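Residues per chain are reported as follows:
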Amino acid sequence: MLGNIEINNVNKSFDEVHVLNDFSLNIEPGSFVSLIGPSGCGKSTLLRIIGGLEKQYEGSVFLDGERITKAGSDRGFAFQGSNLFPWLTVQGNVAFGLKARKIYKKRKNDVADIIKLVGLQGFENSFPHQISGGMQQRASLARALVGHPKVLLLDEPLGALDAFTRMNLQDEILRIKNENNMTMLMVTHDVDEAIYMSDKVVVMSARPSRVEAVIDIKLPHPRVRIQDSFALYRNKILEILNFGGQLHEAEYNI
């Protein structure tokens, strides 16, 4: 499994609003990269372009050397909020994509495996309203993972959760990534979350957005949020965000 994403000179506008400006970025296979920046700077739009959900833009995006022109099973998508179908059980929600692709019979064992992977065994027959918000988000992750994607796109998947559930799921997502060696790209507004989970944090400027900084997080896992080196990364990212649009260097590495 690879999962190299190459974004070349992407420009995107909505009517008269220029959102992404000559945006370029390379994401290495098996890495965890977070996008962080001001609200409305195009983070989610960029994820939708990579996912093949947004097709009207200038520039090019490649996955493992092949240009992305549409959605595909090689990219899984998890959104803020679970977006589960309320009339389906956990098992039904996880299996939905396989059934839509008419491969459920060949891959039905994957459903049970993924449900176990995200820690929902015993809740297969529960409906979304019968389980907690954190468990709903686990089910959403399972639905995105069951197709064995090369890339998992995470659009603030933990934003609606309480702090303790959120930190627990951060560790679960990292465990899943390491066990499956997949590339993960996450949109977040939480600086600590980005530092805790990522190999690289990409700071985006205000729109029309470009890469303001790419910061390599050189801390071993598991990371300690209260250590001084963690705070140094936090301060640097906050400094860049406070002066977004005033820096002229394309990259800032520490």
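Remember, it's a predicted structure, so these values are computed and weren't measured experimentally.

Draft legend 1. Structural view of the overall build of the protein chain. From N to C terminus, the protein chain includes 7 helices and 10 strands. The C-alpha radius of gyration computed for the protein chain amounts to 18 Å, which stays within 12% of the reference 18 Å derived for 254 residues, consistent with globular compactness. Burial analysis of the protein chain (254 residues in total) assigns 49% to the buried set. Of all intrachain contacts in the protein chain linking residues separated by at least 6 positions in sequence, the fraction that spans at least 24 positions is 69%. A total of about 12200 Å² of accessible surface is found on the protein chain, and carbon and sulfur atoms cover 50% of it. For the protein chain, the distance from the average site of its 29 positive side-chain charges to the average site of its 29 negative ones is 8 Å.

Draft legend 2. Representation of the sheet that holds strand E4 (residues 58–63). Taking strand neighbours across the sheet as the criterion, the 4 strands line up as E2-E1-E4-E5 in an open arrangement whose pairing is antiparallel. Either end of the sheet is taken by a strand with one partner, and the two such strands are strand E2 (17–27) and strand E5 (66–67). Here strand E1 (residues 5–14) pairs with E2 via 7 bridges, running antiparallel. Each bridged residue has a counterpart across the sheet, and for Ser13 the counterpart in E2 is His18.

Draft legend 3. View of the layout of surface pockets. Estimates place the volume of the largest pocket at around 540 Å³. Lining the largest pocket are 19 residues, with Arg75, Gly76, Phe77, Arg143 and Ala144 sitting closest to its centre. Within the residue set of the lining of the largest pocket, elements represented by two or more residues are strand E6 (75–78), helix H2 (90–100) and helix H4 (133–145). Class assignment for the residues of the lining of the largest pocket results in 10 nonpolar, 6 polar and 3 charged. Its volume calculated, the second largest pocket comes out at about 180 Å³. Taken together, Leu63, Asp64, Glu66, Arg67, Ile68, Thr69, Lys70, Ala71, Gly72, Asp74, Arg75 and Lys150 make up the full set of residues lining the second largest pocket.

Draft legend 4. Expanded view of the pattern of salt bridges. In the structure shown here, the tally under the stated rule is 14 salt bridges. When the shortest N-O distance is used, the salt bridge between Arg75 and Asp74 registers 2.8 Å. Assessed through its relative accessible area of 12%, Arg75 is described here as buried. Among the residues examined, Asp74 registers a relative accessible area of 27% and is labelled partly exposed. Glu212 is the partner of Arg210 in a salt bridge, and the nearest nitrogen-oxygen pair spans 3.8 Å. Look at Glu212 and you get buried, because its relative accessible area is 1%.

Criteria and cut-off values
- In every chain, residue numbers begin from 1 and rise along the written sequence.
- Confidence filtering applies because this is a predicted model: local features only for residues at pLDDT of at least 70, side-chain atom pairs given and counted only at 80 or more, and all residues used for totals across whole chains, interfaces and linings.
- Side-chain numbers here rest on the full set of heavy atoms in the structure, without hydrogens or water.
- Each helix is a run of H or I in the DSSP string that is no shorter than four residues. Each strand is a run of E no shorter than two, and both are numbered from the N terminus.
- Our radius of gyration is a C-alpha quantity, and the globule rule it is checked against amounts to 2.2 Å times the number of residues to the power 0.38.
- With a 1.4 Å probe rolled over the protein chains alone, any residue whose accessible area is under 20% of its type maximum counts as buried; one over 50% counts as exposed, and the rest are partly exposed.
- Here, residues are in contact when the closest pair of their heavy atoms is within 4.5 Å.
- Each accessible area is a Shrake-Rupley result for a 1.4 Å probe, and residues are judged covered by the shown protein chains and nothing else.
- When charges are tallied, Lys and Arg are placed among the positive residues and Asp and Glu among the negative ones, while His and the ends of the chain are skipped.
- Note on charges: their place is set at NZ of Lys, CZ of Arg, CG of Asp or CD of Glu.
- Two strands are counted as paired when DSSP detects at least two bridges linking them.
- Points on a 1 Å grid over protein atoms alone make up a cavity when a 1.4 Å probe fits among them but cannot get out, and a pocket when they form an open set with protein on both sides within 12 Å along at least five of seven lines; lining residues each have an atom within 4 Å of a point.
- Grid points are joined across faces, edges and corners, and a volume is the space filled by probe spheres set on the points.
- Think of it as three bins: nonpolar holds Ala, Val, Leu, Ile, Met, Phe, Trp, Tyr, Cys and Pro, charged holds Asp, Glu, Lys and Arg, and polar takes everything else, Gly as well.
- A carboxyl oxygen of Asp or Glu within 4 Å of a side-chain nitrogen of Lys or Arg is what we treat as a salt bridge.

Note that all results are geometric; they support no functional claim without further evidence.
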